[in-house]
Amino acid sequence: MFQSSVYANRRNALRSGMSSGLVLIPGNNDSPMNYPANTFTFRQDSNFLYFFGLDHPGYFGVMDIDTGKDYIFGEDVDIDDIIWMGPQDSLAEKALFAGVEFTGKVSEGMDFMKQAIALGRKIHFTPPYRFDNLLFLERILGLNHAWIKSYASVELIKGIVRLREVKEDVEILELEKAAAIGYLMHTTAMRMAKPGVVEREIAGTMEGIALAAGGGVSFPVILSVNGETLHNHYHGNTLTADRLLLCDAGAETASHYASDYTRTFPVSGKFSTKQREIYEIVLAANNKAAEMAAPGIAYQQVHLAAARVIAQGLTDLGLMKGNVDEAVKAGAHAMFFPHGLGHMMGLDVHDMEDMGENFVGYDNEIQRINQFGTAYLRLGKKLKPGFVLTNEPGIYFIPALIQKWEAEKINSEFIDFQKVKQYLGFGGIRLEDDLLITQQGNQLIGNRIPITVEEIERFMA
Ligand code: GLY
Ligand code: MN
């Protein structure tokens, strides 16, 4: 945990931007895997971590906007818990680490909330993403669970996003630790990739590195020779010398700050000409985005600039044709690059996505573009110092998508389908770094994992 003042300051900052009422932040509970006592690894809710710090199941926090008081409710451990799980501080003792003086049992918290509701006070909460917390809110609010999400407080969501999107210095230090773990995961994958190795041997080793460093992975490892499937979690293929291996993975620190990197490299350790030609285009798009990302620039513009680099490169290779600007305007590049350039990152790898992507990545000024490909861009709005985000362009040869576009003649004036079909079986390439927006521009979080063709070939040798 950070110092207690960090949490108190955050709660006061949130409160000072809000009108009135109570903010209710349910922490997460243990989640059963196959029977109640056999649970998935506990992951605390990120808003609870941000405002109340305690990494323990079964709590909920309340901030009173009008009185300035904060509360944590939960049960203290009893002797049975101590026998099975060891001794623990009391909730009152733990709450002081987050600067919270007022604590109580869950039933007392429920009564407290019900009294506030009876007085007609407004209860602010964010959309729940776990069913137990949905039912918890149903019980507290007396609203049917089917309607709960529509009562989520936009005022609260916007208040939280305004705070969490700008990272504090203590958070940046944690993000750098997560980056260092990510570096070790990816360079280990590069060392392990050899013909005959099965994908899961590498994926499992990467996850083990993350676990050994304290927090585990920030999302399930994406690792495949079939990198054209954007989120490929099947790890049963045996590596062969002719394939590229796409590896998209990151770690959480023990305090749950994330990293998220992607590298793609040849199993043989040497790029073929065909692989290198596509790789250099993706790298140029990544470099272009890193050159542009700065305060005041909309990430939507950076995404479109990266798309133009991709379209230009593919046009130079003969896979696309016609005017590059018009091709990107028509969305033709999206057959090869059907996702967004990046997302915010922090306590969540897709930071704050539980509260709604449009609240995090867009605003009144910059709205989502509803065109295939660009529509998946999670972060489009203007950048500010303190934002932490990913830069992850890619080029993929997705057989089903190529088939569909050819059959339906989608953007056929910009794509040479005969040439594209020579790349079926190529896979996909994505290159992802994590950036901190500074006053002047941006800087990488952590050291850059080998990324140029020369760096990768040298490293793998
Ligand atoms: N690295 C996985 C993702 O950004 O969705
Ligand atoms: Mn990512």
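Anyway, here's the lowdown on the structure attached to this text. A quick note: this is a predicted structure, and the numbers were derived from the prediction, not measured. (Residues numbered from 1 in each chain as written. Chains lettered and ligands numbered in written order. Predicted model: local features only at pLDDT ≥ 70, side-chain atom pairs only at ≥ 80, totals over all residues. Heavy atoms only, no water.)

Taken together, Phe-219, His-231, Asp-248, Asp-260, His-343, His-350, Glu-392 and Glu-432 make up the full set of residues adjacent to ligand 1. Asp-248 is positioned such that a nitrogen or oxygen atom in its side chain is 2.8 Å from a nitrogen atom of ligand 1. (Near = heavy atom within 4 Å. Polar contact = N/O pair within 3.5 Å; in protein donor to acceptor, adjacent residues only side chain to side chain.)

Below, the discussion takes up the coordination of the manganese ion (ligand 2). Within the protein, the atoms that donate to the manganese ion (ligand 2) are Asp-260 (OD), His-343 (NE2), Glu-392 (OE) and Glu-432 (OE), at distances of 2.1 to 2.3 Å. All donor residues of the manganese ion (ligand 2) come from one chain, and their arrangement in sequence is D-x82-H-x48-E-x39-E. Placement of Asp-260 in the loop between strand 9 (244-249) and strand 10 (261-266) and of Glu-392 in the loop between strand 11 (388-391) and strand 12 (394-396) is noted, with a sequence separation of 132 residues between them. Asp-260 gets classed as buried once you look at its relative accessible area, which sits at 3%. (Donors = N, O, S within 2.8 Å, 3.2 Å for Na, K, Ca; no water. Helix = DSSP H or I, 4+ residues; strand = E, 2+ residues; numbered from the N terminus. Buried < 20%, exposed > 50% of the residue type's maximum accessible area, 1.4 Å probe, protein only.)

Attention now moves to the pattern of salt bridges. Enumeration over the complete set of coordinates arrives at 25 salt bridges. A salt bridge links Lys-167 to Asp-351, with the shortest nitrogen-to-oxygen separation between them at 2.8 Å. Note that Lys-167 is positioned in the loop between helix 8 (154-164) and helix 9 (169-192) and Asp-351 in the loop between helix 13 (324-330) and helix 14 (357-361), a separation of 184 residues in sequence. Lys-167 sits in the buried class, given a relative accessible area of 6%. Judged by relative accessible area, which is 3%, Asp-351 ranks as buried. We note a salt bridge from Arg-276 to Glu-454, for which the minimum N-O separation is 3.9 Å. Note that Arg-276 is positioned in helix 11 (residues 273-292) and Glu-454 in helix 17 (residues 453-460), a separation of 178 residues in sequence. Relative accessible area serves as the criterion here: at 32%, Arg-276 is assigned to the partly exposed category. A network of salt bridges, in which partner residues are shared, links Arg-164, Lys-167, Asp-348 and Asp-351. (Salt bridge = Lys/Arg side-chain N within 4 Å of Asp/Glu carboxyl O.)

This part takes up the packing of helix 9 against helix 10 (residues 199-212). Remark: helix 9 packs on helix 10, axes separated minimally by 9 Å, with the N-to-C direction vectors making an angle of 155 degrees. Taken together, the axes of helix 9 and helix 10 lie roughly antiparallel to each other. Here helix 9 runs over helix 10; the crossing is right-handed. On the side of helix 9, the interface is formed by Ile-181, Leu-184, Met-185, His-186, Thr-188, Ala-189 and Met-192, while helix 10 contributes Glu-201, Ile-202, Thr-205, Met-206, Ile-209 and Ala-210. Looking at side-chain class alone, the contact of helix 9 with helix 10 contains nine nonpolar, three polar and one charged residues. (Axes fitted to C-alpha atoms, helices over the stretch in contact; angles between N-to-C directions. Parallel < 35°, antiparallel > 145°, perpendicular 65-115°, else oblique. Left-handed = near helix turned anticlockwise from the far one by under 90°. Contact = heavy atoms within 4.5 Å. Nonpolar A, V, L, I, M, F, W, Y, C, P; charged D, E, K, R; others polar.)

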